[in-house]
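If you want the building blocks of each chain, they are given just below.
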Amino acid sequence: MTAHIIDGKAIAADLRANIAGEVARLNAAHGLVPGIAVVLVGDNAASEVYVRNKTRAVADAGMRAIDRKLPASTGEAELLELIAALNADPSVNGILVQLPLPPQIDAQKVIAAIDPAKDVDGFHPLNVGRHASGLNGLVPCTPLGCILLAKTVHASLAGLEAVVIGRSNIVGKPVAQLLLSENATVTVAHSKTRDLPAVCRRADVLIAAIGRPEMIRGDWIKPGATVIDVGINRVAGEAGKSRIVGDVAFAEAAAVAGAITPVPGGVGPMTIACLLLNTLRAACAQKGLAAPIL
Ligand code: NDP
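What you see is a predicted model, and the numbers here were worked out from it, not measured in a lab. Numbering of residues starts from 1 in every chain and runs along the sequence as written. This being a predicted model, a pLDDT of at least 70 is required before a residue's local features are given, and a value of 80 or more before pairs of side-chain atoms are given or counted; all residues contribute to the totals for chains, interfaces and linings. Water and hydrogen atoms play no part in the side-chain values, which are based on all heavy atoms of the structure.

1. Description of the overall build of the protein
Helix and strand definitions follow DSSP, with helices as H or I runs of at least four residues and strands as E runs of at least two, each counted in order from the N terminus. Regarding its fold elements, the protein presents ten helices and eleven strands. Each radius of gyration reported is based on C-alpha atoms, and the globular scaling rule is 2.2 Å times the count of residues to the power 0.38. Compactness check: the protein gives a C-alpha radius of gyration of 19 Å against a globular reference of 19 Å for 294 residues, within 12% of the reference. Dimensions along the principal axes, computed over C-alpha positions, put the protein at roughly 55 × 40 × 40 Å. Considering only intrachain contacts with a sequence separation of at least 6, the fraction spanning at least 24 residues in the protein is 68%. For the protein, the accessible surface area stands at approximately 13,400 Å², while carbon and sulfur atoms represent 55% of it. Note on contacts: a residue pair is in contact if any heavy atoms of the two residues lie within 4.5 Å. All accessibility values rest on the Shrake-Rupley procedure with a 1.4 Å probe; residue burial counts only the protein chains present in the view.

Structure below.
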């Protein structure tokens, strides 16, 4: 079998175009231009690239990006003051604080200080709790992207066996919650799981969020399964150059799976598209407008 390649880049581009259309409609009908504050503390090279990509995508969607770049020496109190000002600013509908933060700042404290209505990363404990309780709230972007990709293959995930490998607050746990909301039968595996290959082989939908290059082998995959690879791992490539691989051994897995996301070009592009979606939803909710169906 040769798996269908789930083209995250194209699916994300479609979603972004739909969001841009909705933003234009909101602007024309209500004078609303959603604004997102992107806060970067320090000069972590990878974070700078992520932030640049995010602000470009925000502008492409017709939204406003409010960049707040602070030096690496910024104290916790100063950052909390900025968050309070952004919370109070009605032109700011979403707030994203790029992680990781420098060691003198407690990231959990900062996340908890963001107005939950503006928490477009979906990391605030209130949004986490709402989600776990089956209530509406903002959900983290990467997990949301995973579900949207899986649903391009399965019209419904109800009753499917889903296995998530990884239990981080950023990916594993929220993706498991989302799968449960979709009525999948969910198993969450982690580093203490016994006989991981056997657990993986049960999965109709396998989501890998581990951070270990090509750990999931072809013979861990149930024939015909849908494989969503969240991993982003830099490994040595040819001619001294590095390359990015996922948590799944792609060629082996694609020979067994029914559908699979590539790395790069799978989950990654969906993360940014879902950030735009969350910002749009947050802006609509704050203005008392119905959430767009996209
Ligand atoms: P974390 O390191 O926070 O979590 C990794 C999880 O994998 C943990 O739950 C850990 O288990 C589990 N794990 C580690 N080793 C094994 C093993 N040998 N067997 C089974 N489980 C194992 O990572 P994140 O969730 O933040 O990220 C995961 C991957 O996804 C990374 O490659 C990251 O770069 C990528 N990522 C990609 C994004 C995108 O936009 N595409 C966005 C966010 C992340 P335990 O809890 O027991 O330690």
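2. A look at the packing of helix α6 (residues 141-153) against helix α7 (residues 172-181)
Axes are the key here: two packed helices are described by the angle between their axes and the distance separating the axes. Close contact between α6 and α7 brings their axes to 8 Å; oriented N to C, the two are set at 40 degrees. One element, α6, and the other, α7, form an angle in the oblique class. As for the relative orientation of α6 and α7, their crossing is right-handed in sense. Together, Pro 143, Leu 144, Cys 146 and Ile 147 of α6 and Pro 174, Val 175, Leu 178 and Leu 179 of α7 make up the contact between the two elements. What counts as an axis is a line fitted to C-alpha atoms, over the stretch in contact for a helix, and the angles between N-to-C directions run from 0 to 180 degrees. Throughout this description, any angle smaller than 35 degrees is read as roughly parallel, any larger than 145 degrees as roughly antiparallel, any in the 65 to 115 degree range as roughly perpendicular, and the remainder as oblique. Two helices that cross are described as forming a left-handed crossing if the nearer one is turned anticlockwise from the farther one by less than a right angle, and a right-handed crossing if clockwise.

3. Some remarks on the site of the ligand
Nearness of a residue to a molecule or strand requires only that one of the residue's heavy atoms be within 4 Å of it. Close contacts around the ligand come from 21 residues, with Arg 167, Ser 168, Ser 191, Arg 212 and Thr 271 the closest. Each polar contact in these results corresponds to two N or O atoms within 3.5 Å; when the atoms are within protein, one needs to be able to donate a hydrogen and the other to accept it, and residues that are neighboring in sequence are counted only if both atoms are side-chain atoms. Between Ile 232 and the ligand, the recorded distance is 3.1 Å, taken from a backbone N or O atom to an oxygen atom. By residue number, the principal contributor to the shell around the ligand is helix α10 (residues 267-286), which donates three residues. For the shell around the ligand, a count of residues per class yields nine nonpolar, ten polar and two charged. Gly counts as polar in this scheme, as do all residues outside two lists: the nonpolar Ala, Val, Leu, Ile, Met, Phe, Trp, Tyr, Cys and Pro, and the charged Asp, Glu, Lys and Arg.

4. A few points about the nonpolar core
The nonpolar side chains of a soluble globular protein tend to be buried, and buried together. Only buried Ala, Val, Leu, Ile, Met, Phe, Trp, Tyr and Cys residues count toward a nonpolar core, and they belong to the same one when joined by side-chain atoms within 4.5 Å. Whether a residue is buried, partly exposed or exposed follows from its accessible area with a 1.4 Å probe, protein chains only, as a fraction of its type maximum: under 20%, in between, or over 50%, in that order. Within the largest apolar cluster, 53 residues are counted, with the highest numbers of intra-cluster contacts made by Ile 19, Met 63, Leu 179, Ile 207 and Ile 228. Where this core is concerned, the elements lending two or more residues are α1 (8-30), β2 (35-41), α2 (45-60), α6, β5 (161-165), α7, β7 (205-208) and α10. For this core, the leading source of residues is α10, giving twelve residues. For every domain, the bounds stem from an assignment made automatically or drawn from a database. The two domains that each donate at least three residues to this core are domain 1 (28-115) and domain 2 (141-268). Excluding residues within four positions of it along the chain, Ile 207 makes contact with Cys 146, Val 163, Val 164, Ile 165, Val 175, Leu 179, Ile 228 and Val 230. By size, the runner-up hydrophobic cluster in this structure holds 20 residues, among which are Ala 3, Ala 208, Trp 220 and Ile 260.

5. Considerations on the environment of Leu 32
As for its placement among the helices and strands, Leu 32 is situated in the loop between α1 and β2. Through-space distance from the C-alpha of Leu 32 to that of Ala 283 is 8.2 Å; in sequence the pair is 251 residues apart. Apart from residues lying up to four places away in sequence, Leu 32 is in contact with Val 23, Leu 26, Asn 27, Ala 283, Lys 287 and Leu 289.

6. Quick look at unusual backbone geometry
The omega torsion of the bond from Leu 99 to Pro 100 falls at 0 degrees, within 30 degrees of zero and hence cis. For Pro 100, the location among the structural elements is in the loop between β4 (94-97) and α4 (107-113). The omega torsion of the bond from Val 263 to Pro 264 falls at 0 degrees, within 30 degrees of zero and hence cis. Within the secondary structure layout, Pro 264 lies in the loop between β11 (259-260) and α10. Despite not being glycine, Asp 195 shows a phi value in the positive range, around 45 degrees.

7. Concerning α2
Here a helix's expected span is defined as the number of its residues, less one, multiplied by 1.5 Å. Between its first and last C-alpha, α2 extends 23 Å over 16 residues, near the 22 Å set by a 1.5 Å rise per residue. Within the span of α2, buried status applies to Ser 47, Val 51, Lys 54, Thr 55, Ala 57 and Val 58. For α2, the buried positions fall inside an angular range of 160 degrees around the axis, keeping them on one side. α2 presents Ala 45 and Asp 60 as exposed residues on the side facing more than 90 degrees away from its buried surface. Note that the arc is computed from the directions linking the helix axis to the C-beta atoms.

8. Observations regarding the environment of Ile 5
Relative to the helices and strands, Ile 5 is located in strand β1 (residues 4-5). Residues Ile 5 and Val 227, spaced 222 residues apart in sequence, show a C-alpha to C-alpha distance of 9.7 Å. Once you skip the residues sitting within four places of it in the chain, Ile 5 turns out to touch Phe 250, Ile 260 and Pro 262.

9. Focus: the pattern of salt bridges
Salt bridge, as used here: a side-chain nitrogen of Lys or Arg that lies within 4 Å of a carboxyl oxygen of Asp or Glu. Applying the stated rule across the entire model yields seven salt bridges. The salt bridge involving Glu 48 is made with Lys 69; its shortest N-O contact spans 3.5 Å. Taken as a pair, Glu 48 in helix α2 and Lys 69 in strand β3 (residues 64-70) lie far apart in primary sequence, 21 residues in all. Classification of Lys 69 as exposed rests on a relative accessible area of 53%. A salt bridge links Glu 252 to Arg 217; its shortest N-O distance comes to 2.5 Å. In this pair, Glu 252 is assigned in helix α9 (residues 250-254) and Arg 217 in the loop between β7 and β8 (226-229), connecting sequence segments 35 residues apart. Given a relative accessible area of 35%, Glu 252 falls into the partly exposed group. Arg 217 gets classed as partly exposed once you look at its relative accessible area, which sits at 32%.

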